[in-house]
Amino acid sequence: MDSRTLEVADQLLLIERQLRLLGYWALEAPSAEALASQAPFCVDTLAFEEWLQWVFLPRMKAILENDLELPQASGIRAMAEEAYRERSGEVAALLEALGAFDRLIGGTR
């Protein structure tokens, strides 16, 4: 088990919490077609928060649950900053949680 596993799991919970606090947590999944997008971050079919909820979080949870190798790098905060550039103040805590995830994955706590 990677020594970061528990910290990554906690960080994923913080990201989910921020999505919920912002009201960005959906009860219904996007269509299968939207989720099947081949574009990075599904930018052509999903809002960034949808991608976080329905693609990123489940993939990361599967990695942890199956004791697979964690990614070596992450730049998810930069994508979030772009996606939320008009709402950066509103989503500051989410950006911080994503930045902490990036640092944890990159080994630069």
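Details of the structure are given in the entry above.
Remember, it's a predicted structure, so these values are computed and weren't measured experimentally.

Chemist: When you look at helix α1 (residues 5-21) in this model, what are you seeing that I'm missing?
Modeler: Think of an α-helix as 3.6 residues a turn; residues three or four steps apart then line up on the same face. Taking 1.5 Å as the rise per residue, α1 with 17 residues should run 24 Å; its terminal C-alpha atoms sit 24 Å apart, in good agreement. Where α1 is concerned, the buried positions are Thr5, Val8, Gln11, Leu12, Ile15, Glu16, Gln18 and Leu19. An end-on view of α1 places all buried positions within 160° of arc, on one side of the element. Exposed residues lying more than 90 degrees from the buried face of α1 are Leu6, Leu13 and Leu21. Buried residues along α1 sit against α3 (48-65) and α5 (92-106). Looking at the residues trailing α1, positive phi occurs at Gly23, about 80°.

Chemist: Please clarify how the side chain of Glu16 should be interpreted in this entry.
Modeler: Along the polypeptide, Glu16 turns up in helix α1. If we ignore the near neighbours within four places in the chain, the residues touching Glu16 are Trp25, Leu57 and Lys61.

Chemist: Just to check I follow, could you spell out the pattern of salt bridges for this structure?
Modeler: When their charged atoms lie close together, side chains carrying opposite charge are able to pair. If you walk through the whole model with that rule in mind, you get seven salt bridges. Residues Arg4 and Asp2 are paired through a salt bridge, measuring 2.9 Å at the closest nitrogen-oxygen approach. Put simply, Lys61 and Glu16 hold a salt bridge, and the shortest N to O gap is 3.2 Å. Placement of the pair is Lys61 in helix α3 and Glu16 in helix α1, with a sequence separation of 45 residues. In this structure Lys61 comes out as partly exposed when scored by relative accessible area, which is 30%. Each of the salt bridges in this network shares a partner with another, and the network as a whole consists of Arg77, Glu81, Glu96 and Arg103.

Chemist: Before we go on, may I ask you to explain the packing of helix α4 (residues 76-83) against α5 in this structure?
Modeler: Helix packing geometry: the angle between the two helix axes and the distance between the axes. For the pair α4 and α5, the least separation of the axes is 8 Å and the interaxial angle reads 155°. Comparing their axes, α5 and α4 come out roughly antiparallel. Between α4 and α5, the contacting residues are Ile76, Arg77, Ala80 and Glu81 on the first element and Leu95, Glu96, Leu98, Gly99, Phe101 and Asp102 on the second.

Chemist: Just checking my understanding: could you explain unusual backbone geometry for this structure?
Modeler: Not every positive phi belongs to a glycine, and Phe41 is a case in point at roughly 60°. Structurally, Phe41 can be placed in the loop between α2 (32-35) and α3. In the Ramachandran plot, Cys42 falls in the positive-phi region, its phi being about 50° despite a non-glycine side chain. For Cys42, the location among the structural elements is in the loop between α2 and α3. Judged by relative accessible area, Cys42 falls into the buried class, the value being 5%.

Analysis parameters
Residues numbered from 1 in each chain as written. Predicted model: local features only at pLDDT ≥ 70, side-chain atom pairs only at ≥ 80, totals over all residues. Heavy atoms only, no water. Helix = DSSP H or I, 4+ residues; strand = E, 2+ residues; numbered from the N terminus. Expected span 1.5 Å × (residues − 1). Buried < 20%, exposed > 50% of the residue type's maximum accessible area, 1.4 Å probe, protein only. Arc of directions from axis to C-beta. Contact = heavy atoms within 4.5 Å. Salt bridge = Lys/Arg side-chain N within 4 Å of Asp/Glu carboxyl O. Axes fitted to C-alpha atoms, helices over the stretch in contact; angles between N-to-C directions. Parallel < 35°, antiparallel > 145°, perpendicular 65-115°, else oblique.

These values are about where atoms sit, not about what they do.
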